[in-house]
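What the coordinates show
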Amino acid sequence: MKKKLGPLELVVMQVVWERDEVTVRAVWEILYPTRRLAYTTVATVLRQTEAKGYLAHRIEGRSYIY
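Residues numbered from 1 in each chain as written. Predicted model: local features only at pLDDT ≥ 70, side-chain atom pairs only at ≥ 80, totals over all residues. Heavy atoms only, no water.

Observations regarding the nonpolar core
Counting residues in each nonpolar core, the largest one holds 17 residues, and the members touching the most others are Val27, Leu31 and Leu46. The set of elements that each furnish at least two residues to this core consists of helix H1 (7-17), helix H2 (24-35) and helix H3 (39-51). Sorting elements by how many residues they give to this core places H1 first, with 5 residues. Residues within four places of Leu46 in sequence aside, it is in contact with Val12, Val16, Val24, Val27, Leu55 and Tyr66. (Core = buried A, V, L, I, M, F, W, Y, C linked by side-chain atoms within 4.5 Å. Buried < 20%, exposed > 50% of the residue type's maximum accessible area, 1.4 Å probe, protein only. Helix = DSSP H or I, 4+ residues; strand = E, 2+ residues; numbered from the N terminus. Contact = heavy atoms within 4.5 Å.)

Here you go:
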């Protein structure tokens, strides 16, 4: 059984679900105007969500693609 997503994880996942693939920067650029989240916060939330089994990533260059 997967762990439940927290409120911020749900916000980030809504961005992911609306797109095929995302980078941390893409999610951050979408959320920053309304949420003012730090880039590192978005990266942490994506890693936590992946640890819970909701996401997977691959590496392209220096970017993680979720």
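That was the structure; now back to the text.
Some points on the packing of aromatic side chains
Enumeration according to the criterion identifies 3 aromatic pairs in this entry. Consider the rings of Trp28 and Tyr32, whose centres lie 5.1 Å apart with planes at 40 degrees: the pair is tilted. Of the two residues, Trp28 and Tyr32 are both situated in helix H2; the distance of 4 residues between them amounts to about one turn of the helix. Ring centres of Tyr64 and Tyr66 lie 6.3 Å apart, and the angle between their planes is 45 degrees; this geometry places the pair in the tilted category. (Phe/Tyr/Trp six-rings, centres within 6.5 Å; stacked < 30°, edge-to-face > 60°.)

Overview of the environment of Ala26
For Ala26, the position within the fold is in helix H2. On a C-alpha basis, the gap between Ala26 and Val42 in space is 9.9 Å, while along the polypeptide they are 16 residues apart.

A word on the packing of H2 against H3
At a minimum axis separation of 9 Å, H2 and H3 run at an interaxial angle of 120 degrees. One element, H2, and the other, H3, form an angle in the oblique class. Relative to H3, H2 is oriented so that their crossing is right-handed. Listed contacts from H3 to Val24, Arg25, Val27 and Trp28 of H2 are Tyr39, Val42, Ala43 and Leu46. (Axes fitted to C-alpha atoms, helices over the stretch in contact; angles between N-to-C directions. Parallel < 35°, antiparallel > 145°, perpendicular 65-115°, else oblique. Left-handed = near helix turned anticlockwise from the far one by under 90°.)

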